[in-house]
2 protein chains.
Amino acid sequence: MRIAIDAMGGDHAPDEIVAGVLEAVPQLDKDDEVVLVGPQELVESKLVELKYKKGRVSVVDAPDVVAMDDAPIESLRKKPKSSIAVMAKLAKRGQADAVISAGNTGACVAAFQMRMRNLPGVNRPGIAVVFPMSAGPVTICDVGANVACKPINLYQYGLMSTVYSQHILGIANPRVGLMSIGQEDAKGNEVVKRTRELLRSDDRLNFVGNIEGRDIFRGVCDVVVCEGFVGNVILKLTEGAVDGLFRAIKQELMQEKARLALKFKPIIMRVYQKHDYNEYGGAPLLGINGTALICHGSSKSRTIRNAIFASKKYYTQRINEKITDCLSEAHVRTSDA
Amino acid sequence: MRIAIDAMGGDHAPDEIVAGVLEAVPQLDKDDEVVLVGPQELVESKLVELKYKKGRVSVVDAPDVVAMDDAPIESLRKKPKSSIAVMAKLAKRGQADAVISAGNTGACVAAFQMRMRNLPGVNRPGIAVVFPMSAGPVTICDVGANVACKPINLYQYGLMSTVYSQHILGIANPRVGLMSIGQEDAKGNEVVKRTRELLRSDDRLNFVGNIEGRDIFRGVCDVVVCEGFVGNVILKLTEGAVDGLFRAIKQELMQEKARLALKFKPIIMRVYQKHDYNEYGGAPLLGINGTALICHGSSKSRTIRNAIFASKKYYTQRINEKITDCLSEAHVRTSDA
């Protein structure tokens, strides 16, 4: 398979991106190729710097760069030769089986949707992020592709995430929870109330009903369905809360004896590692007609390496075929809701 | 002043509620009174149990009890003599200067709005919760009173929370952030984009623009404006993340030597105490024509005691007058947006 990677995406591009690719390549199959998409000279100089000898990594030129804070649609119009736009075109033409970027999420979603189109029956794609929890991985969809969801979108996120959770995470019968503000049916906004009916009426889903913010950490479900605005807040808030708490603990430890502080370091590190989302590499854009992974803006080489493996698994497990099959049997279709 | 408290509200009612009242009373002014609202016999028996001698605490009978998971509006219709409904009536008739409940939030908001009405110029009240952070307290409004906000509601939450933050928390010029999914103007949903214009155009506000979930923990603002659905998810998610992390650390510690685990305990306790929202007692329903505090469902006596002091401060600082003044000078009024 041929995997295209945005060499200019994220806070540590291009160095960490190129490094991640070189870490992954030795572990790929013999007929796998990786294409680094970015300003040709710059990317090639990085390959030379890292002493890469010609082989399965090639460079496709994309002189424009979309900044992390560029307006998505506008940046694609103004920068048609950006790495994100060029990657989307490669996927469209069948010159890439998977695309991976740690760059501007909005621009990725817009470019991938525009060029690659949706899978049959999918109304709007959604980004699915996996939270590693002590009780097992929890998939949250959507975390930012779609800020104004209709019930049909959320229902499809439930179906697609179930397929993903089954075939990528190995959870036989994933429990699906709908993010709301109380467990009772009367709680939530209108979209949530109508979504609940759709999720509940599909026998193939293991729907556990409404969940609340705190439930994500309590092992009550394997899939969380929410609109992109809420999911994005959840994602960044969790990151902030965990960082903040670790910082607060560190501050308190600094006031202790150095020897004691040192003893706690490995404990904190173990907790951190067990909840490290970098393990999963990137978040798939579920519902797109192709394999597209979006990585955290702060991705370092390890995340990129893992994202490459994740894209390979997504592709070889034929997740998109399974999603298409699943949606074709849905009792509510795009046109109905 | 006369403070009415829902004796039946919350997971630990009535025991912890009555205990909290008795803890607070000795520290109140001589002419302050507390009214416990709930099933007369039951509440009186609790007072006897706790060896309370007749004085400034009285009981008003409310034989019905609204359960935590009752549908708000329906429960008020079916249980007109619930403690929540009776408290709201006391406030309406001027027989209570403040109402406090750790019960069903939706039922409280509905009952208080119906009986007490809104302050002049207020479109919809919002619940303001204070997060204690190392960098200082952060007020988040709304966390669940209004799940489908219009821009005017969010704008007013910014104004009302600014007044609250100034006069209750002592922050001279509170920085106001608007919860969104990216700092750039182009990010967010339609309501957020329109709200930003309203907040930005009011010179009296110290508006810092869009913030993201992680920013709550980074000390970038003193007030966070968001719609009730998102705010409620934020509130419960933070609680869940912090609990989950402390649990994970505990689990790791259990695998260490007992002596080491013991040494770590006070450090964790110090971190916990610095972030303990029980310190603030309850969350005011900003915009209601009266003083109404809503406490966490898991409130114990200490929270109730602190909520009583908080209601007194809110009342004596004349927060509602200041809110009314502030809103009367707003450039956009209820009727305009």
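Throughout, residues of each chain are indexed from 1 in the direction in which the sequence is written. Throughout, the order in which chains and ligands are written sets their labels, letters from A for the former and numbers from 1 for the latter. Where totals are concerned, whole chains, interfaces and linings use all residues; where local detail is concerned, this predicted model gives features only for residues with pLDDT of at least 70, and gives and counts side-chain atom pairs only at 80 or more.

## Remarks on the overall build of chain A
Reasoning step 1: Helix and strand content of chain A: 11 helices and 11 strands.
Reasoning step 2: Expected size for 337 residues packed as a compact globule is a radius of gyration near 20 Å; at 20 Å, chain A falls within 12% of this value.
Reasoning step 3: Each principal axis of the C-alpha distribution contributes one length, and for chain A these read about 60 × 60 × 35 Å.
Reasoning step 4: To sort residues by burial, count the other C-beta atoms lying within 10 Å of each one's C-beta; a count of 20 or more means buried, 12 or fewer means exposed, and anything in between means partly exposed. C-beta atoms are built from the backbone. Put simply, chain A has 337 residues, and 52% of those count as buried.
Reasoning step 5: We call two residues in contact if the C-beta atoms placed from their backbones are at most 7 Å apart. Summarising the internal contacts of chain A: among those between residues at least 6 apart in sequence, 73% fall at separations of at least 24. Only DSSP runs of H or I covering at least 4 residues are called helices, and only runs of E covering at least 2 are called strands; the numbering of each starts at the N terminus. Only C-alpha atoms enter the radius of gyration, while the globule expectation follows 2.2 Å times N to the 0.38, with N the number of residues.

## Considering the packing of helix H6 (residues 151–167) of chain A against helix H11 (residues 319–328) of chain A
All names here are of chain A.
Reasoning step 1: Where H6 contacts H11, the two axes come as close as 10 Å, and the packing angle between them is 140°. Taken as axis vectors, H6 and H11 run oblique relative to one another. In this structure, H6 meets H11 at a crossing whose hand is right-handed. Listed contacts from H11 to Gln 156, Leu 159, Met 160, Val 163, Tyr 164 and His 167 of H6 are Ile 319, Lys 322, Ile 323, Cys 326 and Leu 327.
Reasoning step 2: Here the contact of H6 with H11 is composed, by residue class, of eight nonpolar, two polar and one charged. Only the stretch in contact is used when a helix axis is fitted, and all axes are lines through C-alpha atoms; the angle between N-to-C directions ranges over 0 to 180 degrees. When describing relative orientation, an angle under 35 degrees is termed roughly parallel and one over 145 degrees roughly antiparallel, while 65 to 115 degrees is termed roughly perpendicular and anything else oblique. It is the rotation of the near helix from the far one that decides the hand of a crossing: anticlockwise by less than a right angle makes it left-handed, clockwise makes it right-handed. Classes in brief: Ala, Val, Leu, Ile, Met, Phe, Trp, Tyr, Cys and Pro nonpolar; Asp, Glu, Lys and Arg charged; the others, Gly included, polar.

## Overview of the relation of the copies chain B and chain A
Reasoning step 1: When the copies are superposed, the least-squares fit takes in the C-alpha atoms of residues with a pLDDT of at least 70 in both. When chain B is brought onto chain A, the operation consists of a screw motion whose angular component is 180° and whose axial shift is 0.0 Å, with 0.0 Å RMSD remaining. Such values leave the two copies arranged in the relation of a two-fold axis. Distance from the rotation axis, computed per C-alpha, reaches its smallest value in chain B at B:Val230: 3.1 Å.
Reasoning step 2: Interface overlap between copies: 100% of the residues of chain B at the interface are likewise at the interface in chain A, consistent with a symmetric, same-surface contact.

## Details of the interface of chain B and chain A
Reasoning step 1: Facing 47 residues of chain B, the contacting portion of chain A comprises 48 residues.
Reasoning step 2: Only helix H8 (228–254) and helix H9 (258–274) of chain B provide two or more residues apiece to the side of chain B that touches chain A.
Reasoning step 3: Take the side of chain B that touches chain A: its biggest share by element is 20 residues, from H8(B).
Reasoning step 4: Split by residue class, the side of chain B that touches chain A holds 24 nonpolar, nine polar and 14 charged.

## Digging into helix H9 (residues 258–274) of chain A
Reasoning step 1: Multiplying one less than the number of residues by 1.5 Å gives the expected span of a helix. With 17 residues, H9(A) should reach 24 Å at 1.5 Å per residue; the first-to-last C-alpha distance of 25 Å fits that figure.
Reasoning step 2: Take the seven residues that end at a residue and the seven that start at it, fit an axis to each, and the angle between those axes is the bend at that residue. In the structure, H9(A) departs most strongly from a straight axis at A:Phe264, where the bend amounts to approximately 25° and where the proline A:Pro266 lies between one and four residues downstream.

## A look at the domain arrangement of chain A
Residues and elements named next belong to chain A.
Reasoning step 1: Residue ranges for the domains originate in an automatic or database domain assignment. Looking at chain A, the domain boundaries give domain 1 (1–120 + 287–317) and domain 2 (123–281).
Reasoning step 2: Averaged C-alpha coordinates put domain 1 and domain 2 at centres separated by 26 Å.
Reasoning step 3: Between domain 1 and domain 2, the residue contacts involve 18 residues of the former and 14 residues of the latter.
Reasoning step 4: Elements represented by at least two residues in the side of domain 1 that touches domain 2 include exactly helix H5 (105–116), strand S11 (291–294) and helix H10 (301–316).
Reasoning step 5: Per-element tally for the side of domain 1 that touches domain 2: the top contributor is H10, with eight residues.

## Side note on the pairing of strand S1 (residues 2–6) of chain A
Residue and element names in this part refer to chain A.
Reasoning step 1: Of all the five residues making up S1, four are buried; the element is thus mostly covered by neighbouring parts of the structure.
Reasoning step 2: Examined bridge by bridge, S1 and strand S2 (residues 33–38) share five bridges and lie parallel to one another. Of the residues in S2, the one forming a bridge with Ile 5 is Leu 36.
Reasoning step 3: For the crossover from S1 across helix H1 (residues 15–24) to S2, the handedness is right-handed. When DSSP finds two or more bridges between a pair of strands, those strands are recorded as paired. Seen with the strands pointing away from the viewer, any crossover whose path from the first strand over the helix to the second strand runs clockwise is right-handed.

## A look at the sheet that holds strand S6 (residues 138–141) of chain A
Residues and elements named next belong to chain A.
Reasoning step 1: Strand order in this open sheet of 11 strands is S3-S2-S1-S4-S11-S10-S5-S6-S9-S7-S8, and the pairing throughout is mixed. One side of each edge strand has no neighbouring strand; the edge strands of this open sheet are strand S3 (57–61) and strand S8 (206–211). For this sheet the average axis-to-axis angle between neighbouring strands, irrespective of direction, equals 25°.
Reasoning step 2: Relative to S6, strand S5 (residues 126–131) is paired through four bridges, and the arrangement is antiparallel. Each residue of the ladder has a partner; that of Val 130, found in S6, is Thr 139.
Reasoning step 3: Against the sheet, helix H4 (residues 83–92) contacts S1, S2, S3 and strand S4 (98–101), and its axis sits at roughly 165° relative to S1.
Reasoning step 4: Packed onto the sheet, helix H7 (residues 190–200) meets strand S7 (175–179) and S8 and runs at close to 165° relative to S7.

## Comments concerning the nonpolar core
Reasoning step 1: Buried Ala, Val, Leu, Ile, Met, Phe, Trp, Tyr and Cys residues whose C-beta atoms connect them within 7 Å together make up a nonpolar core. By size, the foremost hydrophobic cluster in this structure holds 213 residues, and its most contacted members are A:Ala4, A:Ile5, B:Ala4 and B:Ile5.
Reasoning step 2: Looking at this core, the element that brings in the most residues is helix H8 (residues 228–254) of chain A, giving 11 residues.
Reasoning step 3: Here A:Ala4 is in contact with A:Val35, A:Val37, A:Met87, A:Leu90, A:Ala91, A:Ala96, A:Ala98 and A:Val99, once residues within four sequence places are set aside.

## What about the confidence of the model for chain A?
Reasoning step 1: Across chain A, pLDDT averages 93, with 99% of residues at or above 70.
Reasoning step 2: Predicted complex metrics record ipTM = 0.92 and pTM = 0.94. Confidence scores here are pLDDT values: one per residue, from the predictor, ranging 0 to 100.

## A short note on the pairing of S5(A)
All names here are of chain A.
Reasoning step 1: Counting buried positions along S5 yields five of six residues, so the element is predominantly enclosed.
Reasoning step 2: As defined by bridge partners, S5 adjoins strand S10 (residues 283–286) across two bridges and the pair is classed as antiparallel. Counted as the bridge partner of Gly 126 is Leu 286 from S10.
Reasoning step 3: In sequence, S5 turns back onto S6 through a hairpin of six residues, with Gly 136 there showing a positive phi of about 125°.

## Looking at helix H4 (residues 83–92) of chain B
Residues and elements named next belong to chain B.
Reasoning step 1: Counting buried positions along H4 gives nine out of 10 residues, so the element sits mostly inside the fold.
Reasoning step 2: Three or more residues of H4 are buried, namely Ser 83, Ile 84, Ala 85, Val 86, Met 87, Ala 88, Lys 89, Leu 90 and Ala 91.
Reasoning step 3: Buried residues in H4 make contact with strand S1 (2–6), strand S2 (33–38), strand S3 (57–61), helix H3 (72–78), strand S4 (98–101) and helix H5 (105–116).
Reasoning step 4: Phi turns positive one or two residues past the end of H4, at Gly 94, with a value near 80°.

## Some points on the sheet that holds S2(B)
All names here are of chain B.
Reasoning step 1: Here 11 strands make up an open sheet; going across it, the order is S3-S2-S1-S4-S11-S10-S5-S6-S9-S7-S8 and the pairing mixed. What marks the edges here is a single partner per strand, and that holds for S3 and strand S8 (206–211). Across the sheet, the mean angle from the axis of one strand to that of its neighbour is 25°, orientation sign disregarded.
Reasoning step 2: Strand direction decides the pairing type here: strand S7 (residues 175–179) and S8, joined by five bridges, are parallel.

## So, the environment of B:Tyr280
Residues and elements named next belong to chain B.
Reasoning step 1: Within the fold, Tyr 280 resides in the loop between H9 and strand S10 (283–286).
Reasoning step 2: Residues Tyr 280 and Gly 219, spaced 61 residues apart in sequence, show a C-alpha to C-alpha distance of 19 Å.
Reasoning step 3: If sequence neighbours within four positions are ignored, Tyr 280 has contacts with Val 130, Asn 306 and Ala 310.

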